[in-house]
Amino acid sequence: MLFTLKKAIGGLLLPLPLLLLIMASGLFLLWFSRWQKTGKIILSSGWLILFLISLQPVADALLAPVENHYATWRGSTKVDYVVVLGGGYTWNPQWAPGSNMIGNSLPRLVEGIRLWRENPGSKMIFTGAAAQNNPVSSAEVTARVAQTLGVPRSEIVTLDKPRDTSQEAVEVAKIVGSRPFLLVTSASHLPRAMLFFQQQGLRPLPAPANQLAIASPLNTWEKALPSSLWLGHSERAVYESLGRLWQKLTAPSRQPGQQ
């Protein structure tokens with residue numbers, strides 16, 4: 001219940017639903033009240049903020065500081081485990097296997113396989129519970145896609161109980177113990193994930209994937225036109241900022257081994 005409530009409240013605080021609610025309140029004041037000026041200010045402000053965070057320069061200026069905590073892993077440390085955290089997924093056996101990995105999941109897996117190949121003899125650990133009404137877990141879908149990309153099933157460990165990053169850290173700790181391991185997740189998510197795993201007394205080595213904030217030159221029109229792609233970048237920055245805030249608020253009561 002608490003998990004569902006946390007996700008629901010967090011979802012409502014993301015830019016698009018929050019700004020739509022704000023603009024809806026402005027429309028309500030315009031249509032059904034005498035506070036016309038207030039309604040206009042609220043509606044106009046919501047529209048302007050939505051426009052700005054849908055522009056590439058603004059969106060990536062918000063996201064880049066969140067993503068740039070860790071560089072792409074190019075270290076020489078050899079590990080026994082490469083841990084790839086779960087993300088968005090679905091399961092349709094009629095689709096191309098990789099199509100079942102939504103959004104951030106496939107880039108995480110690709111980077112995980114690259115690092116697994118650089119560490120002969122290591123095993124891959126995939127995490128993630130089953131979404132509601134889905135018969136296959138996130139960890140299992142990732143494992144099946146990994147097999148189609150050349151990773152033997154014997155080299156894969158699936159952890160299909162964790163529902164969030166803190167639970168993933170607890171379950172991974174049971175396998176890796178005190179040994180260092182590569183922790184693969186989205187660049188924006190990695191700072192928060194590292195803290196969760198370190199709180200379990202683990203020794204994660206940061207391996208970011210799925211970097212989104214663009215630093216290379218773009219056409220002028222791409223910078224000037226609002227897009228759902230750039231809005232998604234702003235949403236990712238806000239999502240991780242909210243996650244870090246929640247992590248800080250709950251940290252004093254969190255003890256190693258607790259979920």
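Residues numbered from 1 in each chain as written. Predicted model: local features only at pLDDT ≥ 70, side-chain atom pairs only at ≥ 80, totals over all residues. Heavy atoms only, no water.

### Overview of the pattern of salt bridges
Summed over the entire model, instances satisfying the criterion amount to 7 salt bridges. Two residues, arginine 153 and glutamate 140, come together in a salt bridge whose shortest N-O distance is 2.8 Å. Here the residue arginine 153 occupies a position in the loop between α6 (138-148) and β3 (156-159), and glutamate 140 occupies one in helix α6, the gap between them amounting to 13 residues. For arginine 153, a relative accessible area of 34% puts it in the partly exposed group. Looking at glutamate 140, the relative accessible area reads 18%, which means it is buried. Put simply, lysine 174 and glutamate 171 hold a salt bridge, and the shortest N to O gap is 3.1 Å. Residue lysine 174 and its partner glutamate 171 are located together in helix α7 (residues 165-176), separated by 3 residues, close to a single helical turn. According to the relative accessible area criterion, lysine 174 is exposed, its value standing at 62%. (Salt bridge = Lys/Arg side-chain N within 4 Å of Asp/Glu carboxyl O. Helix = DSSP H or I, 4+ residues; strand = E, 2+ residues; numbered from the N terminus. Buried < 20%, exposed > 50% of the residue type's maximum accessible area, 1.4 Å probe, protein only.)

### So, the confidence of the model for the protein
Predicted confidence across the protein gives a mean pLDDT of 93, with 95% of residues reaching 70 or more. Note that pLDDT drops below 50 for residues 254-259; the model gives that stretch 15 contacts with residues more than four away or on any other chain. (pLDDT = per-residue confidence, 0-100. Contact = heavy atoms within 4.5 Å.)

### Observations regarding the pairing of strand β1 (residues 81-84)
Side chains Tyr81 and Val83 of β1 all project onto a buried face; the interleaved residues Val82 and Val84 project onto the opposite face, where all are buried too. Following the backbone out of β1, through helix α5 (residues 105-117) and into the adjacent parallel strand β2 (residues 123-127), one traces a crossover that is right-handed. In the sheet, β1 pairs with strand β4 (residues 181-186) via 3 bridges, with the strands oriented parallel. Bridging from a neighbouring strand, valine 82 pairs with leucine 182 of β4. (Right-handed = clockwise from strand over helix to strand, strands pointing away. Pairing = 2+ DSSP bridges.)

### A short note on the packing of helix α4 (residues 56-67) against helix α10 (residues 228-250)
At a closest axis distance of 8 Å, the pairing of α4 and α10 adopts a crossing angle of 30°. Crossing hand, α4 versus α10: left-handed. Contact residues: α4 offers Gln56, Ala59, Asp60, Leu62, Leu63 and Val66, while α10 offers Trp230, His233, Ser234, Arg236, Ala237 and Glu240. Residue classes in the contact of α4 with α10 are distributed as 6 nonpolar, 3 polar and 3 charged. (Axes fitted to C-alpha atoms, helices over the stretch in contact; angles between N-to-C directions. Left-handed = near helix turned anticlockwise from the far one by under 90°. Nonpolar A, V, L, I, M, F, W, Y, C, P; charged D, E, K, R; others polar.)

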